[in-house]
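The primary structure of each chain is shown beneath.
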Amino acid sequence: MADCNRRDLLRMMASGGAAVAAGLGTAGALRGAAPARPNVLVILTDDQGYGDLSCHGNPVLTTPNMDRLHSESVRFTQYHSAPMCTPTRGQLMSGVDALRNKATSVTAGRAVLRRDLPTMADIFGAGGYRTGMFGKWHLGDNSPYRPMDRGFQEARYHLGYGISSAPEFDNDYFDGRCRDKGVMKRFSGYCTDFWFSEAMSWMRERRQKGEPFLCYLPTNAPHGPSWVAEKYAAPYRKPGLPAPFFGMIANLDENLGKMEAFLREAGLRENTIVIFMTDNGGTGGVKVFNAGMRAAKTQLYDGGHRVPCFVRWPAGKLRAPGDVPVQAQMQDILPTLIDLCALKKPEKARFDGASLAPLLRGSNSIADRMLVVQYGQIPEKWDSCVIWDKWRLVYGKELYDIQADPGQQKDIAAQNPNVLGKMRGHYEAWWADIEPGLRDFQPISIGAAQENPATLCSSDWQEVYCDNMQDVLGGTNGWLGGTRGGPWNVFVERDGEYEIVLSRWPAFAGLPLNAGRPPQKMTAGELPEGKALPIAGAGLKIAGQEQTLKTAPSDTKAVFRVKLQGGARTQMHGWFTDAQGKDVVGAYYAVVKRL
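These numbers come from a predicted model, not from an experiment.

(A) Representation of the nonpolar core in the model. Counting 87 residues, the largest nonpolar core has Leu41, Met203, Leu217, Met259, Leu456, Met572 and Phe576 as its most contacted members. The element that contributes the greatest number of residues to this core is helix 9 (residues 243-265), accounting for 11 residues. Of all hydrophobic cores here, the second largest spans 49 residues; its members include Tyr79, Tyr129, Leu139 and Ala155.

Structural data, given as structure tokens:
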């Protein structure tokens, strides 16, 4: 299952993309047959709000390089993401609404894209582009959802939501760990510096080889913990200011300046489409400045999902730099790039987004439409925001006119029954199409040749919010985890005997199951103490089989062996018990190997 749908998808895409690659290749452009295809650089920062830029009016934070890009770009000033990061990333990569593409949450078995959807990288690769991503993926840590499984030919990234997530455990922002196409490696320096440096090195190589490229650069900064070198935080060490958070943005801005210098020096600036965005509403800086908006990350008012979107392409004959106040969304970027780069849309692809190319080329409007912003660990009807021009319908009942009331303080639903009825009607139809598939969880592959063994983490427990390192350190089952945590949805790729190793701590930690852990000093912060737990046994359920065993105080893992039939979708659930057989905690980590 890991490969069959995607093999068919990519075969169809490649047959259509060959003509594009042949007709618009670099060699052809040099002969005058066609202009060189544009390169694409998509930069997505993490947890930086609309108000966290000085060009948007922040009275404290200084972002000169972001401001420069702002001044040189077409700016979509009513542009919307999801209110949280994974749903935004899934919508960006697929052009499909989060509840339809299945990446609806940051955890809980809902943080991966449907296997059958073509991604941005798939489409660019089929069109003859080289594809690379550097930074935060957060659309699946296991096969078949990793970036290299989803079309990126080069991929250096971290796991989970960030360097301090449960999958990464004790990783550091400085001199930490990353994955290089799935292989764990060490990086030197600060994480943001590393992502930018790796992206620039890769783009330079593409330039030298005359290869058009898609470079996706999603940083994990300024997502917390706010760890950054003091020289960046120092200017903001004043009462009431989030100095380390602003310092992380200052470092990002510095790297954006280095990127600009690189593009100029490498001769890439004129024919590279640069798109700069953030992944959700504000976080650490909203108490300082939130651009007059209500709410922040995770919330359904504009402060939770209105984000920057700057588009620059000097050679692209776009409209003059300036503001475009038309409603737009993250799902629009992929169809827009397909148009701008003359790529072939996969025959069966169905985008919820629309191309913004007409607006970028000078039109003042596109077809009237309503947008739906919704995400969630357990999505529920009306837990949404419907956007229609100046109107916002929140929770299906609150109606705001953001032109007259940008802070969304006055609910005017009672005064506008016709508008309310139209927007509710749109949502009703949208929900009716979405709802039947909401329980279709996307399974992680086990026993797949491309990832054997596979290491699973509590961040993918079904409908349980347990993706933080603090959950592991504190010995909790997360939110809605009961006494055993939650199950993993898995797909058994091949018949055979499987070894399933359960642990409370990641394997590289080497700690006994019942052991605590002292606080750990990091380069710019500290991890809290890990709690000891009375673990004396373990249990496993998978494919209708259940096993239990006793563990010794010195055991670092509980090892099970089971025979599984390939081609089957099932659930796997591991947990730990005390000496009386009472549940203690779910197994945060499981290493599954087909023998």
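Here the narrative resumes.
(B) Summary view of empty space enclosed by the protein. Evaluation of the coordinates by the stated rule reveals six cavities of 30 Å³ or more. Taken as a whole, the largest cavity holds about 80 Å³ of empty space. Residue lining of the largest cavity: Val106, Ala111, His138, Gly140, Asp141, Gly160, Tyr161, Pro167, Ser459, Asp460 and Asp467, and that is the complete set. In the lining of the largest cavity, the residues fall into four nonpolar, four polar and three charged.

(C) The arrangement of the pairing of strand 23 (residues 558-564) in detail. What you see with strand 23 is a clean split: Ala558, Phe560, Val562 and Leu564 sit on the buried side and Val559, Arg561 and Lys563 on the side with no burial. Relative to strand 23, strand 18 (residues 496-503) is paired through seven bridges, and the arrangement is antiparallel. Bridge pairing in strand 23 places Glu497 opposite Lys563.

(D) Quick peek at the packing of aromatic side chains. Evaluation of the coordinates by the stated rule reveals 22 aromatic pairs. Geometrically, the ring pair formed by Phe134 and Trp202 is tilted, given 5.8 Å between the ring centres and 55 degrees between the ring planes. Here the residue Phe134 occupies a position in strand 3 (residues 130-136), and Trp202 occupies one in helix 7 (residues 191-209), the gap between them amounting to 68 residues. Both residues of the pair, Phe134 and Trp202, belong to the buried class. Site record: aromatic cluster; members linked through ring pairs are Tyr173, Phe174, Tyr190 and Trp227.

Thresholds applied
- Residues numbered from 1 in each chain as written.
- Predicted model: local features only at pLDDT ≥ 70, side-chain atom pairs only at ≥ 80, totals over all residues.
- Heavy atoms only, no water.
- Core = buried A, V, L, I, M, F, W, Y, C linked by side-chain atoms within 4.5 Å.
- Buried < 20%, exposed > 50% of the residue type's maximum accessible area, 1.4 Å probe, protein only.
- Helix = DSSP H or I, 4+ residues; strand = E, 2+ residues; numbered from the N terminus.
- 1 Å grid on protein atoms, 1.4 Å probe; cavity = no way out; pocket = protein on both sides within 12 Å on 5 of 7 lines; lining within 4 Å.
- Points joined across faces, edges and corners; volume = space filled by probe spheres on them.
- Nonpolar A, V, L, I, M, F, W, Y, C, P; charged D, E, K, R; others polar.
- Pairing = 2+ DSSP bridges.
- Phe/Tyr/Trp six-rings, centres within 6.5 Å; stacked < 30°, edge-to-face > 60°.

Nothing here speaks to function; it is all geometry.
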